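Topology and contacts: notes
Here are the chains, one letter per residue:
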Amino acid sequence: MIKLILGSKGNGKTRTLIQDANDSVKKTKGHIVFIDTDNSHMFQIDYKIRFMPLKDYKVRNEETFYGFLCGIIASNYDVESIYIDDLPKITGKTLEEMEDFFTNLSILELKYNVSFIFTITATEENLPDFLKKYIIQNI
């Protein structure tokens, strides 16, 4: 599953993502990873979730972020869900420029049965058409 949590800036997308991740700990048998740009939400995440601040890993663009995700999956086959806060900020690209990223992500999702949940500052009407096939939650 690929899920997009959409909303305007300051609308509670990150809070929803954190709550979703914390709730999923109670239901999952595998591991959960939460990726953020910094440590600011570290203490809001359940201790059973692997919190990964990207500032520690020098991820600078879409290609290195995709490789980073592949590394997480390759190092631990028990990863069931990866929660990612503010994808465009991480990749430095607009959503329109990320079609290849989501195509590759869909392949990973199917091959390794990993769910990806993203927050994105946008409205459903402003999403590129290729993203509208994913599960969308508006905040």
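Calculation criteria
- Residues numbered from 1 in each chain as written.
- Predicted model: local features only at pLDDT ≥ 70, side-chain atom pairs only at ≥ 80, totals over all residues.
- Heavy atoms only, no water.
- Pairing = 2+ DSSP bridges.
- Helix = DSSP H or I, 4+ residues; strand = E, 2+ residues; numbered from the N terminus.
- Axes fitted to C-alpha atoms, helices over the stretch in contact; angles between N-to-C directions.
- Contact = heavy atoms within 4.5 Å.
- Buried < 20%, exposed > 50% of the residue type's maximum accessible area, 1.4 Å probe, protein only.
- Phe/Tyr/Trp six-rings, centres within 6.5 Å; stacked < 30°, edge-to-face > 60°.
- Lys, Arg positive; Asp, Glu negative; His and termini not counted.
- Salt bridge = Lys/Arg side-chain N within 4 Å of Asp/Glu carboxyl O.

1. Concerning the sheet that holds strand E1 (residues 2-7)
On the basis of which strands lie adjacent, the open sheet formed by 6 strands has the order E3-E2-E4-E5-E1-E6 and parallel pairing. Both outer strands of the open sheet, strand E3 (50-53) and strand E6 (135-138), are each paired with one neighbouring strand and no more. For this sheet the average axis-to-axis angle between neighbouring strands, irrespective of direction, equals 20°. Note: strand E2 (residues 31-36) against strand E4 (residues 79-84), 5 bridges, orientation parallel. Across the sheet, Val33 pairs through a bridge with Ile82, a residue of E4. Sitting on the sheet, helix H1 (residues 13-25) touches E1, E2, E4, strand E5 (115-121) and E6, and the angle it makes with E5 is about 165°. Set on the sheet, helix H2 (residues 62-75) makes contact with E2, E3, E4 and E5; between it and E4 the angle comes to about 150°.

2. Thoughts on unusual backbone geometry
Here the phi dihedral of Lys58 falls at roughly 60°; this positive angle occurs in a residue that is not glycine. Looking at the element boundaries, Lys58 is found in the loop between E3 and H2. Overall, the relative accessible area of 55% leaves Lys58 in the exposed class.

3. Quick notes on the packing of aromatic side chains
Counted by the stated rule, this structure contains 9 aromatic pairs. Where Tyr57 meets Phe68, the ring centres are 5.1 Å apart and the plane angle is 55°; that geometry is what we call tilted. In this pair, Tyr57 is assigned in the loop between E3 and H2 and Phe68 in helix H2, connecting sequence segments 11 residues apart. Since its relative accessible area comes to 37%, Tyr57 is described here as partly exposed. For the ring pair Phe102 and Phe130, a centre distance of 6.2 Å and an interplane angle of 55° mean the geometry is tilted. Taken together, the residues span a long stretch of sequence, with Phe102 in helix H4 (residues 99-112) and Phe130 in the loop between E5 and E6 at a distance of 28 residues. Comparing Phe102 with Phe130, the two get one shared label, buried.

4. Digging into the pairing of E4
Extensive coverage of E4 is indicated by the burial of 5 of its 6 residues. Taken together, the 4 bridges between E4 and E5 define a ladder with parallel strand orientation. Across the sheet, residue Tyr83 finds its bridge partner in E5, namely Ile117.

5. Section: the side chain of Glu109
You can see Glu109 is positioned in helix H4. The side chain of Glu109 sits in the buried core without any salt bridge; Lys133 is the nearest counter-charge, 8.9 Å away. Aside from chain neighbours lying at most four places away, what touches Glu109 is Met1, Ile2, Val114 and Phe116.

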